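# Structural characterization, general
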Amino acid sequence: MKKLKSLVALKDKLQQVGDEDRSPTSPDRPLYIYKEEEREFPNDPLADQEAIDSIEEVYYKDDSWDPSKHELQKLHDGPEKLSLEDIDKDRNRLRRQLAAVSKKVSELVLENHPAYAQELQRVMDLETALQGANVICINGRRHLEIAKQGFTTASLGLLANQRKRSQLLGLMNSLRTIKTLQRTDVRLREMLEEEDYPGAIQLCLECQKAASIFRHYSCISDLSSKLQDTLEMIEEQLDVALSKTCNSFDAAHYEKVQTAYRLLGKTQTAMDQLHMHYASAIHNTAFQIVLGYVELCSGTGDTNFQKMQYKDLCTHIITESYIPCLMDLCKALWGVMNSYHKTMQWHELHDSTNQETAEAGLQFSTSDATSSINIEATFNQRYVKQKLEHGLARIWQDVQQKVKLYLLGTDLSVFKFDDFLHVLDLVNKLMLIGEEFCNSKSEGLQDSIRKQSINYFKNYHRSRMDELRMFLENEAWELCPVKSNFTILNLQEFKFLRRSGLVKKLSSAMSSPQSSPAKLAETRDRPGDAPQGFFVRYGDHGNPFDVHQDEDDGEDVMATNGYDEDEKEENTYADDDSDDSDVPEELKQDFVDEKTGETPVRRDSRKKYDKSRKFNNAPILTNTTLNVLRLFGKYMQMMNVLKPIAFDVVICMSQLFDYYLFSVYSFFATDLDLQSAAADWGLSNKLKTTLKRINDNLILPEDSMMPNLQQPVQQVEDRKDKVPFPHVSPVVDLTGTQNLYGLAERVVATESLVFLADQFEFLQPQLESVIPPAKKAFLQQFYSQTISTASELRRPVYRVVAAKSVVYDHILQLMANVKWDIKDIMSQHSSYVDVLLRELQVFSNKLDQVGRHVPIPQPVYNVLWEHCIRLANRTFVEGFASAKKCSNEGRALMQLDFQQFLMKLEKLTDLRPIPDREFVEVYVKAYYLTDADMERWIRDHREYSTKQLTGLVMCGVGSHINKKARQRLLATIEDMEKLKR
């Protein structure tokens, strides 16, 4: 404002000065003279466009904006001291812009004037047309009024008559409908008797709809209440019909029931009721079956079993009726589950058909009503599907609970093994059905049966271990004649493997020379052999719990076409005079085997029977071995039907094998001084570890056989899991020289153990398939550390025979009498070599005699001769080391004696190469070493004893070295002995 006031004051001042100057008396001109031509702007389009472009944006705002105020505000916001020249410039700029805008507006007006004139003409034409339309409307109204007055009276009469006719026709139809409704009750009852529930409901609903239309008639009110009662009665009968499908599913019957519920609009309610009926069916079925057996076996007692709870009722089942009742219970519960499974299948098929129909209907109909009906149907289908899927677990839980209560109601420990196995088979089959039914592992049922099974199996296994000890202590270790192709699959206890389809695969894999556990497992796991499910096999007919009499071909394991020597002599010439010309050739055979295809032996061919092929490569085993194999089969049956305790059963099977192995070792491998020379190479470290483990974990010490009341409870429990130390039967003679110290019994015992190990290895794939994956490491360790040591037991067992059959001490005495300090080179070997060879010849003859009664496998033959030769070679070294004096000629005699021994020995045995040959030759050659080489040789050959090394130093090298060097060598030997300790 101060700036504006100063500007006004300055303007007034200048105006006064101007007035004074313009006075006539003033000779000077005014400060500014505005001429007319100077106020006019040139006509330049570019200048005009620039003036328009320079207009500020605010000038283009709405009409309420004040430009004058805006310009004054700019002066106010400018500098403190205003300049008239600047103000004039702004004024000229605004005037220039105004002139440009005015000129532009004028040009636009002139440019659009023709269009304005044309539009104005159109408006005038429209006004004329509207006036014509108004005249037409007035004329039309006038003519309509005339027509109304002329025709109304006649039309009303016609309409009144038509109305009366329509009312009479409607009354006649209503009377007919009422007459039909009165007769509907009889038809509804007929349809219910025919179980035509959809038709009855459809008729009833139509009658209710008609009754609601004619409810204004007094006679219809009673009919409506009667129809409602009839509909409720239909729903009750429908519920009863629905409950019948739980025990015996009929697709046609079930389809009627579902259609009826769908007409009622109660599809979801029907599904809820169905699950309630299934729960009731499971309870009532189980209760009635158990009640029937209890009342049948209880006699005429006064006990009211009807009022008992199911759990208490199960405790009254006696042992004789336990399995039949369990079978009937499982059959009945299978029927309920099968009905539920068929119900789900029906809904799956029905829903898929309805889905296709609905999709086809949507292509031809797009109405809202059709769409809403399809949405409701889809929702009901989803509800039913979800309800059925959730009901699987519930149905199985109820079934599982009933069987669990039944199992826990009786003590199964008093059952026989076959009966208990039958119970496990039924329960296992039921659990397999449950797994197929709803993918349930049946934890509750498994836990209950597992506890009873472990308790039963521990008692059973303890008695079987005692029985095995009795068999072993009374075993005469005689050969049990079996067929050459005998395997465990021929035993009755392994028939479950034959039924499972594994027998052909495993047999072919085992008979293959390249068979191995890995190949057996690969054969077992080959796809495409999985059986069909229970609901596929027994869904329409039959029952998985029906007793099927398996075709039992029995056992065919005993050899009948092989004879002992005496029997062959007697049977050769028996009944030569009998006339059998009319007897068929097939009946003349000693044995006709249609299953194995073995060629029978004719009676006339017995004279030509070759002794070397007498045993026909049959496996070597005893009655005890067969008994252990049978126990393996029984144990595996229990594993097969109850996999949760499979690992415990495998441990018990391993204990059977461990005790058999330990017994064979304690009977036949401990009757020789362990400190003898043969002890170093009789037992391997793995075999020692295995025997120690068995002795610590399974064998009860003999000093703890007497009961002690002061022993802790834990020690008493540990004693129950152990077996007393076995003792060989008195009938087994292990001291006779003629029978090579019980070689026949040793062969039968050891080779039966090897056969048992082979059969155990054959079962490895089957065992691995039933135990948990986390426990397979134990089984693999057992096979690698125990089963593999069975063949290693041959060495300590046959070591005894080799050590006692030849009197090596007598040979040492004869060698001690030989003079090794001779002066001449001998051409004749020493006499002790002949004595040793004679002893080995006698051993060979006795070995042949034993081989006539018991087959001696090639590995046994090799082990026996290996032991004898090793002992003989060690006897040579020991005899050479005992020499007090030895000359170079004596050393040549040593070499001559050993070469003579080797030459004659190669004629006695086929074993190649000769064991420990280098052991003697290297020792003899060491006599020629110098003192420096001798020290190195002693450090490199630790296999020789201190006595042998000392004899070599004193008698061999010591003869041509000084005392100091001899002392150094002896000190080296002492240092090595200390390191061994």
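Residues numbered from 1 in each chain as written. Predicted model: local features only at pLDDT ≥ 70, side-chain atom pairs only at ≥ 80, totals over all residues. Heavy atoms only, no water.

The protein is annotated in an unreviewed UniProt entry as Syndetin-like isoform X3 from Branchiostoma floridae.

Turning our attention to the overall build of the protein. Summing up its helical and strand segments, the protein has 36 helices and two strands in all. Expressed as a percentage of the 981 residues in the protein, the buried residues total 39%. Counted over contacts in the protein with a minimum sequence separation of 6, partners at least 24 positions apart contribute 80%. Counting every atom, the protein has about 57,000 Å² of accessible surface; 52% of that belongs to carbon and sulfur. (Helix = DSSP H or I, 4+ residues; strand = E, 2+ residues; numbered from the N terminus. Buried < 20%, exposed > 50% of the residue type's maximum accessible area, 1.4 Å probe, protein only. Contact = heavy atoms within 4.5 Å. Areas by Shrake-Rupley, 256 points an atom, 1.4 Å probe, with all protein chains shown as cover.)

On to unusual backbone geometry. A negative phi angle characterises most non-glycine residues, just as the trans form characterises most peptide bonds. In this structure, P913 follows R912 across a cis peptide bond, with omega equal to -5°. Here P913 lies in the loop between α32 (888–908) and α33 (917–925). Notably, N439 is not glycine yet its phi reads approximately 60°, a positive angle. With respect to the helices, strands and loops of the structure, N439 is situated in the loop between α14 (417–438) and α15 (443–473). Classification of N439 by relative accessible area gives exposed; the value is 66%. At W477, a position not held by glycine, the phi torsion is positive, near 55°. With a relative accessible area of 2%, W477 lands in the buried category.

Right, let's talk about helix α22 (residues 646–668) for a bit. The first and last C-alpha atoms of α22 sit 33 Å apart over 23 residues, in line with the 33 Å expected at 1.5 Å per residue. The buried fraction of α22 amounts to 20 of the 23 residues, a majority that puts the element mostly inside the structure. (Expected span 1.5 Å × (residues − 1).)

With that out of the way, let us pick up the packing of helix α30 (residues 831–853) against helix α31 (residues 858–881). Geometrically, a packed helix pair is captured by the angle between its two axes and the distance between the axes. Between α30 and α31, the least distance of the axes is 12 Å, while the angle of their chain directions is 165°. Taken together, α30 and α31 sit at an angle that is classed as roughly antiparallel. Relative to α31, α30 is oriented so that their crossing is right-handed. Residues Y832, L836, L840, F843, S844 and L847 of α30 form the contact with α31, whose participating residues are Y861, L864, W865, C868, A872, F876 and F880. Of the residues assigned to the contact of α30 with α31, the class counts are twelve nonpolar, one polar and no charged. (Axes fitted to C-alpha atoms, helices over the stretch in contact; angles between N-to-C directions. Parallel < 35°, antiparallel > 145°, perpendicular 65-115°, else oblique. Left-handed = near helix turned anticlockwise from the far one by under 90°. Nonpolar A, V, L, I, M, F, W, Y, C, P; charged D, E, K, R; others polar.)

Within the largest apolar cluster, 220 residues are counted, with the highest numbers of intra-cluster contacts made by F880 and F901. The greatest single-element share of this core, amounting to 15 residues, is contributed by α22. Among residues more than four places away in sequence, those in contact with F901 are V833, L836, L837, L840, A872, N873 and F876. (Core = buried A, V, L, I, M, F, W, Y, C linked by side-chain atoms within 4.5 Å.)

Before going further, it helps to examine the UniProt feature "coiled-coil region" (unreviewed entry) in the protein. Those residues carrying the UniProt feature "coiled-coil region" (unreviewed entry) are residues 84–111 in this numbering. Between the first and last C-alpha atoms of residues 84–111 the distance is 40 Å; the span itself is 100% helix and 0% strand. (UniProt positions renumbered as here; feature names shortened; annotations may be inferred.)

Take the pattern of salt bridges next. Summed over all chains, the structure comprises 28 salt bridges. Salt-bridge contacts for R91 lead to D88; the nearest nitrogen and oxygen are separated by 2.8 Å. Of this pair, R91 and D88 both sit in helix α5 (residues 84–182), three residues apart, roughly one helical turn. Classification of R91 as partly exposed rests on a relative accessible area of 31%. Residue class for D88 comes out partly exposed when judged on its relative accessible area of 24%. Residue R693 is joined to D658 by a salt bridge in which the shortest nitrogen-to-oxygen separation is 3.3 Å. With R693 in helix α23 (residues 685–697) and D658 in helix α22, the pair connects residues that are 35 residues apart, well separated along the chain. Several salt bridges converge on common partners, so that one network encompasses R795, E866, R870, R874 and D916. (Salt bridge = Lys/Arg side-chain N within 4 Å of Asp/Glu carboxyl O.)

Along its 19 residues, helix α21 (residues 623–641) runs 27 Å from first to last C-alpha, staying within 8% of the 27 Å computed at 1.5 Å per residue. Of all 19 residues in α21, 15 are buried; the element is thus mostly enclosed.

Glancing now at the packing of aromatic side chains. Each aromatic ring pair is characterised by the separation of its centres together with the angle its planes make. Inspection of every chain in the model, using the stated rule, returns 38 aromatic pairs. For the ring pair W477 and Y660, a centre distance of 6.2 Å and an interplane angle of 80° mean the geometry is edge-to-face. With W477 in the loop between α15 and α16 (495–499) and Y660 in helix α22, this pair connects stretches of sequence that are 183 residues apart. Taking relative accessible area as the criterion, Y660 reaches 0% and is therefore assigned buried. Taking the centre distance of 6.2 Å and the plane angle of 80° together, the rings of F657 and F782 count as edge-to-face. Residue F657 is located in helix α22, and its partner F782 is located in helix α27 (residues 776–785); the two are separated by 125 residues in the primary sequence. Across the pair, F782 and F657 agree in class, each one buried. Through pairs of rings, three or more aromatic residues link up here, namely F417, F420, Y456, F457, Y460 and Y635. The ring of F647 has K775 sitting right over it, with the charged end atom 5.0 Å from the ring centre. Directly above the ring of Y928 sits R891, whose terminal nitrogen or CZ lies 5.6 Å from the centroid. (Phe/Tyr/Trp six-rings, centres within 6.5 Å; stacked < 30°, edge-to-face > 60°. Lys NZ or Arg CZ within 6 Å of the ring centre and 35° of its normal.)

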